[in-house]
Amino acid sequence: MAAAAETHVYDANLHSGADLQAFFEGDNLVTATRFFRNRAMYLDLEQVLIPMLMQGPARASRRLRVWSAGCSDGREAYSLAMSTHRGLSRNNGSGWDWQVRGSDLSRPQIAKARAGVYVVTEHDQDAVDDYGEYFESAGNKGLQVAERIRAHIQFEVEDIIAYQPGEPVDILVCSLVVLYYEQEYQKEIIRKLISRVRPGGFFHVTPVSKRWLLSEDHHRTAGSSGAFFQRSSQAGGQDGGFSRNG
Ligand SMILES: C[S@@+](CC[C@H](N)C(=O)[O-])C[C@H]1O[C@@H](n2cnc3c(N)ncnc32)[C@H](O)[C@@H]1O
């Protein structure tokens, strides 16, 4: 019997209608993360985005909200937090109210993220050396992210497909998550993610066609490596929820 029509189809290993949570909790793909994976992106955040936000949309409120969507075991969210802290400190923004939110579909990954203790891999080592002031020894368990960073992070189990309106974010990073979904469906997911970014805020989503983002009226970020796009300052865009079935 033919399977019922689904709004989305998963990666080639998965059949239509497969249980997303079981897949991401059971498959070792979810461990494919690291601290500061894309160094140019973090430098853009510190040196370009934060100064622009401080002079522009966030100036009056002195608040910054950052979201790592599909943060896996938390290393990406902590990297964003360390860069945000550094960017603010270097621009006289030490007193600002800032928060990073890390979300992932996988409960075990979010449990690791909340613990914030990591065995540092060879891929992580250079970055960890450069941001050493934000780590503390956890003895033979490795390194723990320092409390002054952890105090600004919250982690949640959340499916990016289950759209929920919430507080707009200034910066969104969704790296290597939408690739699990059928290409046409990726656009729907990305549009919904971007709708959570405040107009004039910034996002980094991979993989994505830059030409398509430009056609959606988003902009390249001047003076940056190109890792981030800026959301159109028009608040428009499509609204409404995702539906899993048709
Ligand atoms: C390859 S990891 C990428 C981790 C991190 N973003 C990075 O770039 O280092 C992909 C992550 O996406 C998560 N994921 C996949 N589909 C998701 C969904 N619908 N909602 C939330 N997280 C999802 C998986 O659980 C996994 O942790």
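Up top is the structure these notes are about.
Read on for a plain summary of the structure. All values derive from a computational prediction rather than experimental measurement.

1. What about the site of the ligand?
Then step 1. Near the ligand there are 21 residues, and of these Thr33, Arg37, Gly70, Asp104 and Ser175 occur at the shortest range.
Then step 2. Arg37 is positioned with one of its side-chain polar atoms (N or O) 2.8 Å from an oxygen atom of the ligand.
Then step 3. Here a nitrogen atom of the ligand sits 2.9 Å away from a polar atom, N or O, in the side chain of Tyr181.
Then step 4. Protein coverage of the free-state accessible area of the ligand, which is 600 Å², stands at 99%.
Then step 5. Among the residues making up the shell around the ligand, the classes are represented as 11 nonpolar, five polar and five charged.

2. Remarks on the pairing of strand β2 (residues 97-104)
For a regular strand, side chains alternate in direction, first toward one face of the sheet and then toward the other.
Then step 1. In terms of burial, β2 is a largely internal element, six of the eight residues being buried.
Then step 2. Bridge analysis of strand β1 (residues 63-69) against β2 gives seven bridges, and the strand direction is parallel. The residue of β2 that forms the bridge with Ala69 is Ser103.
Then step 3. Bridge analysis of β2 against strand β6 (residues 153-157) gives five bridges, and the strand direction is parallel. Along β6, the bridge assignment pairs Ser103 with Glu156.

3. Structural notes on the packing of aromatic side chains
Where two aromatic rings form a pair, the distance of their centres and the angle of their planes describe that pair.
Then step 1. Across all of its chains, the model carries eight aromatic pairs by this definition.
Then step 2. Taking the centre distance of 6.1 Å and the plane angle of 75° together, the rings of Tyr78 and Tyr118 count as edge-to-face. Note that Tyr78 is positioned in helix α3 (residues 75-89) and Tyr118 in strand β3 (residues 117-118), a separation of 40 residues in sequence.
Then step 3. Of the aromatic side chains, those joined through ring pairs into one cluster are Phe35, Tyr78, Tyr118, Phe135 and Phe155.
Then step 4. Its end group placed over the ring of Tyr131, Arg86 keeps NZ or CZ at 4.0 Å from the ring centre.
Then step 5. Note that Arg196 overlies the ring of Trp67, its terminal NZ or CZ placed 4.8 Å from the centroid.

Scoring rules and cut-offs
Residues numbered from 1 in each chain as written. Predicted model: local features only at pLDDT ≥ 70, side-chain atom pairs only at ≥ 80, totals over all residues. Heavy atoms only, no water. Near = heavy atom within 4 Å. Polar contact = N/O pair within 3.5 Å; in protein donor to acceptor, adjacent residues only side chain to side chain. Areas by Shrake-Rupley, 256 points an atom, 1.4 Å probe, with all protein chains shown as cover. Nonpolar A, V, L, I, M, F, W, Y, C, P; charged D, E, K, R; others polar. Buried < 20%, exposed > 50% of the residue type's maximum accessible area, 1.4 Å probe, protein only. Helix = DSSP H or I, 4+ residues; strand = E, 2+ residues; numbered from the N terminus. Pairing = 2+ DSSP bridges. Phe/Tyr/Trp six-rings, centres within 6.5 Å; stacked < 30°, edge-to-face > 60°. Lys NZ or Arg CZ within 6 Å of the ring centre and 35° of its normal.

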